[in-house]
Amino acid sequence: MSNKCIHCGADCGKYPVVQNEQKFCCNGCATVYQLLNDSKMQRYYEFQKQPGIRLEEAPHLSKYAYLDKDEVKEKLYEFFEEGIAKVTFYIPSIHCASCIWLLEHLSKLNKGVKHSAVNFVQKKYTVSFDTHIISLRQLVELLVSIHYVPDISLQSLDGKTEKQVQNKNLLYKIGVAGFVFGNVMLYSLPEYFNGEPIEGSFGKFLYYLMYVLTIPLVFYSGSDYLLSAGKNIIKGIVNIDLPIAIGILALFFVTSYEVLMGIGPGYSDSLSGFLFFLLLGRWYQSKTYQALAFDRDYKSYFPVAVTRLNEQEESVLLEEIKEGDYLLIRNKELIPADSTLVEGTALVDYSFVTGESAPVLKSKDDFLYAGGVQTGGAITIKVVKEVAQSHLTQLWSQSEKNTLNTKSLTSAVDKISGKFTLVIILIALAAFGTWLYLDTFKMALLVLTSVLIVACPCALALSIPFTFGSTMRIFGDKGLYIKNVDVIERLTKIDTIVFDKTGTLTKPEESTVAFVGSPLKPEELAIAVSLAQQSTHPLSAAISKFYKDVETPKTVGYTEVPGRGIYANVDNIPVKLGALEYVSGEGTQQIKPLASSVYLSIDNKVLGYFKISNQYRQGVDEVLAKLKDKYALYLLSGDNDAERENMVNMFDGDKMHFNQKPQDKMNFIANLQRKGKSVLMTGDGLNDSGAFMSSDVALSLADDIYHFSPAGDAILEASKFKNFHQYIRFAQKSMTIVKQSFIISFFYNVIGLGFAITGNLSPVVAAILMPVSSITVVAFTTFATRVAGGKILK
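Summarised in this report is the structure supplied together with it. Worth saying up front: this structure is predicted, and the values here are computed from it rather than measured.

Section: the overall build of the protein
- Looking only at helices and strands, the protein features 25 helices and 28 strands.
- Taking the intrachain contacts of the protein between residues at least 6 apart in sequence as the baseline, contacts between residues at least 24 apart amount to 67%.
- Carbon and sulfur atoms make up 56% of the accessible area of the protein, which totals about 36400 Å².

As structure tokens, this is what we get:
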């Protein structure tokens, strides 16, 4: 019968803790197991056998009393509004899919937790919680109780990231390794020139000196590899650091034996050389990742612009916003910077920031956090802190549709990398045994070390992030802004494309607007335009832009019904704009119009409608004709079918659907997916948010005044719409480059192993080749994607 702990997999020893006939290594594991089962969270154990973390010594919970202090909370909170707080913790013990599942379902353990997300690569945990139910201290203590201890340090309180500290430590380790390598090579010169080990006391002195230098080299410079491999072995996990750790320890222990026993010089030169070059390779990789992260965080990675009201009303990009600027924020527009409310009543939806969708009511002079979305009428705000594009980008990137996509290529590569490591260890041991039988122990040891070092799945693992990272940059340069690399992979699997008409295939703001019905009095037109100015809907934008010189009165009580219309009071008179059945009541017979129409009612009387002629985007016919050959194309429009005859050449007759409400669009996409289709939805993202969330890939178009939709996966500059089909083609080409880089990585490992197994590769050369393989893949993917991008996205 197994004596392993059912929670963490550790050996339970002679006296296991037994509860309900289940064995545990300690009371902590038994408590966590019971807690998970009581909360009906047994799925935690489905992702991986013994996924739990065991702490040798759980911190005493009183140590977190300092988290009750307001000054500490202020430094840790990223957001705090009406009792809802948001924090991000660095949790080193996050190690598997079970960890992700448990932490992202923490709300089942405490209802005070509202929303949580795990960044597995950075081991960061972002959580929003209700401080009326659970305090910051209680949240941390809850995490500690299930053995996920947040690393809350002075650096995190001061705003310094653990990444900065890690990078500095890596440079220190490279410095020590470089010092040791230089000195060991210097002391080895007499032996190299002599052609054989140096005899006598001078030789012993040099060998002892080199050996002493290797001690800090191994246990300080090489500590990351040793600790990573050791901790994962204890958890029953084989990672890519294990072969390297075995190679380091094998060379070190044999060197210790030879030098201390006076048998020979050992392998101080090989050990110092390969560790130095390994660390240099790691530094190079980290710098490359930082370069990608810098581009991602600080360049204008998606085109969000707002209306500034300083001297005149003008549309400006976020990067031009300064402290003290006055901004006009309409319904469903993003608050781009920390601000104070100057005019109007704000009803702010902070779900983009916290995951909590209940709108927060704000009055004049109240503080507004960046990332909130206004859900009422237009408001005026004053910027108190300059825009942090990186903050908005980070929020967008975190809003994942599916954090555990087990069918993704990335997860497949992770599985291959794990098996790859085991295979390499077996090959290395087999080669060691063979050479030990055919030749000397020294030769067998060098072959063992060379095999372990030269064969590494790093190049395989780097293929996807660097190829797609380069693709994202090229997309950005060409006007397509992608949320994250997962979107590119999903884009390559698309077989069905659904288009919205208004604002996507057409440009209402360039259309001619005319009022049909009783001629409007100047004050009636002003009332109608005032209401239209509150909305971001393309047809409302067309009206407000066409009548931009009309002076407008103030509206009160603005309300928008998605897909139907808008309502407000002007001088205590009710005003409605929208579909006929909305402005005049359900059951009204609608006359078939010849163009897009927006009906107007003032004081509950329908006066007529604004007729908006449709102006199609440049290149629509050509783009749809090319897409039609490869994809199933559908049109979903909330507008009437006045344009059906004009669009029959673009879409098949049975694939055009008009008068679609937002719920109809969402249901239509869900039905396509049930039939096994992979759907790309293209719309404005604001009025189609439900359909956006349902689709596999959601793409919104951005015109002169950019509207940002958190539900979207990508944003395309409207002027680039004519290249729509080329973007999909380039995404597919990027996937081909990924597969080509896999082949390069495979051949590198095969050739490297061939030289290592035959004894023609020293550990030092293997250590140089290991980062070279990563550099080769990075260089290939970067060059190939740039060439492909230049050819496809001209």
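Having seen it, we continue.
A closer look at the packing of aromatic side chains
- If you walk through the whole model with that rule in mind, you get 20 aromatic pairs.
- Summarising the aromatic geometry, the rings of F79 and Y369 are spaced 4.6 Å apart at their centres and angled 50° between planes, so their arrangement reads as tilted. Of this pair, F79 sits in strand β3 (residues 79-81) while Y369 sits in the loop between β13 (367-368) and β14 (373-374), and the two are 290 residues apart along the sequence. Residue F79 shares its accessibility class with Y369, and that shared class is buried.

Some words on the pattern of salt bridges
- A complete count under the given rule lists 12 salt bridges for this structure.
- Between D325 and R308 there is a salt bridge; the shortest N-O distance is 3.2 Å. Taken as a pair, D325 in the loop between β8 (314-317) and β9 (326-329) and R308 in strand β7 (residues 305-308) lie far apart in primary sequence, 17 residues in all.
- Given a relative accessible area of 7%, D325 falls into the buried group.
- R308 sits in the buried class, given a relative accessible area of 14%.
- Linking K628 and D652 is a salt bridge whose minimum nitrogen-to-oxygen distance equals 3.3 Å. On the criterion of sequence distance, the pair formed by K628 in helix α20 (residues 620-628) and D652 in the loop between α21 (644-647) and β25 (656-657) is long-range, its members being 24 residues apart.
- Overall, the relative accessible area of 33% leaves K628 in the partly exposed class.

As for the sheet that holds strand β28 (residues 714-717)
- Across the sheet, which stays open at both edges, the 7 strands sit in the order β16-β28-β27-β26-β17-β24-β25 with mixed pairing between neighbours. Edge positions in the sheet fall to β16 (480-482) and β25, since each has one partner strand and no second.
- Relative to strand β27 (residues 697-702), strand β26 (residues 679-683) is paired through 4 bridges, and the arrangement is parallel. In the sheet register, T682 faces β27, and the bridge partner there is L699.

Section: α20
- Of the positions making up α20, those classed as buried are V620, V623, L624 and L627. Down the axis, α20 shows its buried residues gathered within 90° of arc, on one side only.
- The elements touched by buried residues of α20 are β17 (496-499), β24 (632-636) and α24 (724-757).

Considerations on the pairing of strand β15 (residues 379-383)
- The element β15 is largely enclosed, with a buried count of 4 among its 5 residues.
- Of the strand pairs in this sheet, β9 and β15 are connected by 4 bridges, and their pairing is antiparallel. Of the residues in β15, the one forming a bridge with I329 is I379.
- Both strand β10 (residues 339-343) and β15 contribute to a ladder of 4 bridges, which runs antiparallel. When the bridges of β15 are listed, E343 appears paired with T380.

Describing a positive patch on the surface
- A contiguous patch of positive charge, built from K630, R729, K733, K791 and K794, is present on the exposed surface.
- With respect to the helices and strands, the residue K630 is situated in the loop between α20 and β24.
- Residue class for K630 comes out exposed when judged on its relative accessible area of 62%.

Some thoughts on the packing of α20 against α24
- The interhelical angle for the contact between α20 and α24, taken along N-to-C directions, is 40°, at an axis separation of 8 Å. Comparing the axis directions of α20 and α24 gives the class oblique. For the pair α20 and α24, the contacting residues are V623, K626 and L627 in the first and F724, H725 and I728 in the second.
- Classifying every residue of the contact of α20 with α24 by side-chain character gives 4 nonpolar, 1 polar and 1 charged.

Describing unusual backbone geometry
- Of note, D365 is a non-glycine position whose phi angle comes to about 75°, a positive value.
- Within the secondary structure layout, D365 lies in the loop between β12 (360-362) and β13.
- Assessed through its relative accessible area of 59%, D365 is described here as exposed.

A look at the nonpolar core
- Of all hydrophobic cores here, the largest spans 55 residues; its most connected members are I248 and L271.
- Secondary structure elements with two or more residues in this core: α6 (162-194), α7 (200-221), α8 (223-234), α9 (241-260), α10 (268-298), α13 (409-438), α14 (441-454) and α24.
- Not counting residues within four places of it along the chain, the set of residues in contact with L271 comprises T214, L217, V218, I248, L251 and F252.
- If you look at the next biggest cluster of nonpolar residues, it comprises 46 residues, including A714, A731, A788 and I792.

Some remarks on a nonpolar patch on the surface
- Taken together, the side chains of I743, F746, F747, V750, I751 and F755 define a hydrophobic patch exposed on the protein surface, amounting to about 610 Å² of accessible area.
- Tracing the sequence through the fold places F746 in helix α24.

Here's the deal with helix α18 (residues 538-546)
- Of the residues making up α18, those classed as buried are P538, L539, S540, A542, I543 and S544.
- Here the buried face of α18 lies against β18 (513-517), α17 (522-532), β20 (565-570), β22 (596-602) and β23 (605-612).

Examining the environment of L753
- One can find L753 in helix α24.
- Distance from L753 to V454, taken between C-alpha atoms, is 6.9 Å for residues 299 residues apart in sequence.

Here we look at the packing of α9 against α14
- Taken N-terminus to C-terminus, the directions of α9 and α14 make an angle of 155°; their axes are 8 Å apart at the nearest point. Relative to α14, the element α9 lies roughly antiparallel. The two elements α9 and α14 meet at a crossing, and its hand is left-handed. Side by side, α9 and α14 meet where P243, I246, G247, A250, L251 and V254 of the first sit next to F441, L445, L448, T449 and L452 of the second.
- Taken together, the residues of the contact of α9 with α14 break down into 9 nonpolar, 2 polar and no charged.

A word on the sheet that holds β12
- Reading across the sheet, the 3 strands line up as β12-β11-β14 and stay open at both edges, with antiparallel pairing between neighbours. Edge positions in the sheet fall to β12 and β14, since each of these pairs with one other strand and no more.
- Looking at chain direction, strand β11 (residues 346-349) and β14 are connected through 2 bridges and run antiparallel. In the sheet register, D349 faces β14, and the bridge partner there is V373.

Here is what the cut-offs are and how they apply
- Per chain, residues are indexed from 1 in the order of the written sequence.
- For this predicted model, a pLDDT threshold of at least 70 governs which residues receive local features, and a threshold of 80 or more governs which side-chain atom pairs are given and counted, while totals over whole chains, interfaces and linings are taken from all residues.
- As a convention, hydrogens and water are excluded, and side-chain values are obtained from all of the structure's heavy atoms.
- Strands are runs of DSSP state E lasting at least two residues, helices are runs of H or I lasting at least four, and both sets are numbered from the N terminus onward.
- When checking whether two residues touch, look at their non-hydrogen atoms; a contact exists if any pair is within 4.5 Å.
- Computed with the Shrake-Rupley method and a 1.4 Å probe, the accessible areas treat only the protein chains shown as cover for residues.
- In summary, the pairing rule links any two rings of Phe, Tyr or Trp, Trp by its six-membered ring, whose centres are within 6.5 Å, and it sorts them by plane angle into stacked for under 30 degrees, edge-to-face for over 60 and tilted for everything else.
- Residue exposure (1.4 Å probe, protein chains only): buried if accessible area is under 20% of the type maximum, exposed if over 50%, otherwise partly exposed.
- Criterion for a salt bridge: a side-chain nitrogen of Lys or Arg within 4 Å of a carboxyl oxygen of Asp or Glu.
- Criterion used throughout: strands pair if DSSP finds at least two bridges between them.
- By definition, the arc is the one covered by directions from the helix axis to the C-beta atoms.
- To count toward a patch, a residue needs a relative accessible area over 30% and no salt bridge; like charges are then connected within 9 Å, while nonpolar side chains (Val, Leu, Ile, Met, Phe, Trp, Tyr) are connected within 5 Å.
- Neither His nor the chain termini are counted; the positive set is Lys and Arg, and the negative set is Asp and Glu.
- Think of each charge as sitting on NZ of Lys, CZ of Arg, CG of Asp or CD of Glu.
- Lines are fitted to the C-alpha atoms to define the axes, a helix being fitted only along its stretch in contact, and any angle between axes, read from their N-to-C directions, falls within 0 to 180 degrees.
- Orientation categories follow fixed angle ranges, with anything under 35 degrees roughly parallel, anything over 145 roughly antiparallel, 65 to 115 roughly perpendicular, and all other angles oblique.
- When residues are sorted by character, Ala, Val, Leu, Ile, Met, Phe, Trp, Tyr, Cys and Pro go into the nonpolar class, Asp, Glu, Lys and Arg into the charged class, and all the rest, Gly among them, into the polar class.
- The definition of a nonpolar core used throughout is a set of buried Ala, Val, Leu, Ile, Met, Phe, Trp, Tyr and Cys residues joined through side-chain atoms within 4.5 Å.
- Helix crossings get a hand from a simple test, with the near helix turned counterclockwise from the far one by less than a right angle marking a left-handed crossing and a clockwise turn marking a right-handed one.

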